[in-house]
Amino acid sequence: MRAALTRYRVIAWIVGVVLIMLVVIGMPLKYGFDEPIVVETVGQAHGFLYMLYLVATFDLSRRVDWPLKRMILVMLAGTVPFLSFWAERRVSTLVLAEHAEPAPQPVAG
């Protein structure tokens, strides 16, 4: 479960950064200065990385037994700038809290 969470966290950050690059740098260049090169390259990279994000989210959701609605909402978080960062933090907190190992009980003696 921890490996799936780590994979999810890494790809969520990568997808978030690439999406912000696309929206903040690529779109103004394309529509303001008629330079589509950033959108063409970063857009394709984001599409590929988003597919990896979907796979990582699906893998994590099956390992921690999420309901379908939660899995879909987390998957959609990769399509909105900055939302993947918030979702990553929320998912990490939730998964770690739900699957924390209980502390060992001291032996009285």
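Residues numbered from 1 in each chain as written. Predicted model: local features only at pLDDT ≥ 70, side-chain atom pairs only at ≥ 80, totals over all residues. Heavy atoms only, no water.

Enquirer: Got a sec to walk through the overall build of the protein? Specific residues and values, please.
Expert: Summing up its helical and strand segments, the protein has 4 helices and 0 strands in all. Over its C-alpha atoms the protein spans a radius of gyration of 18 Å, topping by over 25% the 13 Å that the globule rule assigns to 109 residues. Taking the principal axes of the C-alpha coordinates as reference, the protein spans close to 75 × 25 × 20 Å. Expressed as a percentage of its 109 residues, the buried residues of the protein come to 34%. (Helix = DSSP H or I, 4+ residues; strand = E, 2+ residues; numbered from the N terminus. Rg over C-alpha atoms; globule rule 2.2 N^0.38 Å. Buried < 20%, exposed > 50% of the residue type's maximum accessible area, 1.4 Å probe, protein only.)

Enquirer: Account for the UniProt feature "transmembrane region" (unreviewed entry) in the protein, with residues named and values stated.
Expert: The positions UniProt marks with the feature "transmembrane region" (unreviewed entry) are residues 12-31 and 37-56. Summarising residues 12-31: 100% helix, 0% strand, and an end-to-end C-alpha distance of 27 Å. Between the first and last C-alpha atoms of residues 37-56 the distance is 29 Å; the span itself is 100% helix and 0% strand. (UniProt positions renumbered as here; feature names shortened; annotations may be inferred.)

Enquirer: So what's going on with the packing of aromatic side chains? Which residues, and what values?
Expert: Within this structure, the stated rule accounts for 4 aromatic pairs. With a centroid separation of 4.5 Å and an interplanar angle of 50°, the aromatic rings of Trp13 and Phe85 are classed as tilted. Pair noted here: Trp13 is in helix H1 (residues 2-33) and Phe85 is in helix H4 (residues 83-98), with a separation of 72 residues, a long-range link. Note on Trp13: relative accessible area 44%, which makes it partly exposed. Summarising the aromatic geometry, the rings of Tyr50 and Tyr53 are spaced 5.8 Å apart at their centres and angled 25° between planes, so their arrangement reads as stacked. (Phe/Tyr/Trp six-rings, centres within 6.5 Å; stacked < 30°, edge-to-face > 60°.)

Enquirer: If you had to explain the packing of H1 against H4 to someone new, which residues and values would you point to?
Expert: Contact geometry for H1 and H4: axes closest at 9 Å, N-to-C directions at 170°. Here H4 runs roughly antiparallel to H1, going by the angle between their axes. The residues of H4 that touch H1, namely those facing Arg2, Leu5, Tyr8, Arg9, Ala12, Trp13, Gly16, Val17 and Ile20, are Ser84, Phe85, Ala87, Glu88, Arg89, Val91, Ser92, Val95 and Leu96. In the contact of H1 with H4, the residues fall into 11 nonpolar, 3 polar and 4 charged. (Axes fitted to C-alpha atoms, helices over the stretch in contact; angles between N-to-C directions. Parallel < 35°, antiparallel > 145°, perpendicular 65-115°, else oblique. Contact = heavy atoms within 4.5 Å. Nonpolar A, V, L, I, M, F, W, Y, C, P; charged D, E, K, R; others polar.)

Enquirer: So what about the side chain of His46? Which residues, and what values?
Expert: Locating His46 in the fold gives a position in helix H2 (residues 37-63). What makes His46 buried here is its relative accessible area of 12%. Sequence-distant contacts of His46, defined by excluding residues within four places in its chain, comprise Val15, Val18, Leu19 and Gly78.

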